Amino acid sequence: MGVASAVFLVLITILVPPIGVYAVAGCGADLLINIMLTILGYLPGHIHAFYLEYVYYDRREQAREGRFTAARAPGVYSDRVQSGGNGYGTIVQPVA
């Protein structure tokens, strides 16, 4: 995803947070949690959606730089978000 698609994703998330979560996490627990938070209050849905997007782009940048984050981000259930959009085994493992 380039800068234009990231800006587009943020604009979509501002309007409807669950669509932004679906774009980065897919259909799963994170999407269900975000739908419930958006129903309970518009602001909690936004906070959750932007948190997921932050984790996604941060992990994506770390993977691009070759750094590996072993700890899982708290409150994120999607493996796609945890790995920054990379599948299993595609992040360079640290040499110990």
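For clarity, every value in this text was computed on a predicted model and none was experimentally measured.

Trainee: Where do I start with the overall build of the chain in this structure?
Mentor: Scanning the chain from terminus to terminus reveals five helices and zero strands. Start at the N end of the chain and walk to the C end: the helices and strands fall as α-α-α-α-α. Burial statistics for the chain: of 96 residues in total, 34% are counted as buried. Across the chain, the fraction of contacts at a sequence separation of at least 24, relative to all contacts at a separation of at least 6, is 56%. With the model as given, the accessible surface of the chain reaches about 5,900 Å², and the carbon-plus-sulfur share is 71%.

Trainee: Looking at this model, I keep getting lost on the packing of helix 3 (residues 29–40) against helix 4 (residues 42–65). Mind explaining?
Mentor: When two helices pack together, their arrangement is given by the angle between the helix axes and the distance between those axes. Packing of helix 3 against helix 4 leaves a shortest axis separation of 6 Å and a crossing angle of 150°. On the basis of the axis angle, helix 3 is roughly antiparallel to helix 4. Counted together, Asp30, Ile33, Asn34, Leu37 and Thr38 of helix 3 and Tyr42, Pro44, Gly45, His48, Ala49 and Leu52 of helix 4 form the full contact between these two elements. Classifying every residue of the contact of helix 3 with helix 4 by side-chain character gives six nonpolar, four polar and one charged.

Trainee: Please clarify how the nonpolar core should be interpreted in this entry.
Mentor: Considering soluble globular proteins, one finds that nonpolar side chains tend to be buried as a cluster. Membership of the largest hydrophobic core is limited to twelve residues, which are Leu9, Val21, Val24, Ala25, Leu31, Ala49, Leu52, Val55, Tyr56, Ala73, Val76 and Val81. Where this core is concerned, the elements lending two or more residues are helix 2 (17–25) and helix 4. For this core, the leading source of residues is helix 4, giving four residues.

Trainee: Help me understand the packing of aromatic side chains, please; the structure alone is not making it clear to me.
Mentor: Both the distance between ring centres and the angle between the ring planes are used here to describe each pair of aromatic rings. Considering all chains together, one arrives at one aromatic pair under this definition. Aromatic side chains tyrosine 56 and tyrosine 57 sit 5.2 Å apart centroid to centroid with 80° between the ring planes, which places their arrangement in the edge-to-face category. Note on tyrosine 56: relative accessible area 4%, which makes it buried.

Trainee: What is the right way to read the pattern of salt bridges from this model?
Mentor: A side chain with one charge may pair with a side chain of the opposite charge, provided their charged atoms come close. A complete count under the given rule lists two salt bridges for this structure. Of the charged contacts in the structure, one is a salt bridge between glutamate 61 and arginine 64, with a shortest N-O distance of 2.5 Å. With glutamate 61 and arginine 64 both in helix 4 and three residues apart, the pair spans about one turn of that helix.

Cut-offs and rules
Residues numbered from 1 in each chain as written. Predicted model: local features only at pLDDT ≥ 70, side-chain atom pairs only at ≥ 80, totals over all residues. Heavy atoms only, no water. Helix = DSSP H or I, 4+ residues; strand = E, 2+ residues; numbered from the N terminus. Buried < 20%, exposed > 50% of the residue type's maximum accessible area, 1.4 Å probe, protein only. Contact = heavy atoms within 4.5 Å. Areas by Shrake-Rupley, 256 points an atom, 1.4 Å probe, with all protein chains shown as cover. Axes fitted to C-alpha atoms, helices over the stretch in contact; angles between N-to-C directions. Parallel < 35°, antiparallel > 145°, perpendicular 65-115°, else oblique. Nonpolar A, V, L, I, M, F, W, Y, C, P; charged D, E, K, R; others polar. Core = buried A, V, L, I, M, F, W, Y, C linked by side-chain atoms within 4.5 Å. Phe/Tyr/Trp six-rings, centres within 6.5 Å; stacked < 30°, edge-to-face > 60°. Salt bridge = Lys/Arg side-chain N within 4 Å of Asp/Glu carboxyl O.

Any link to function would need more than the numbers given here.
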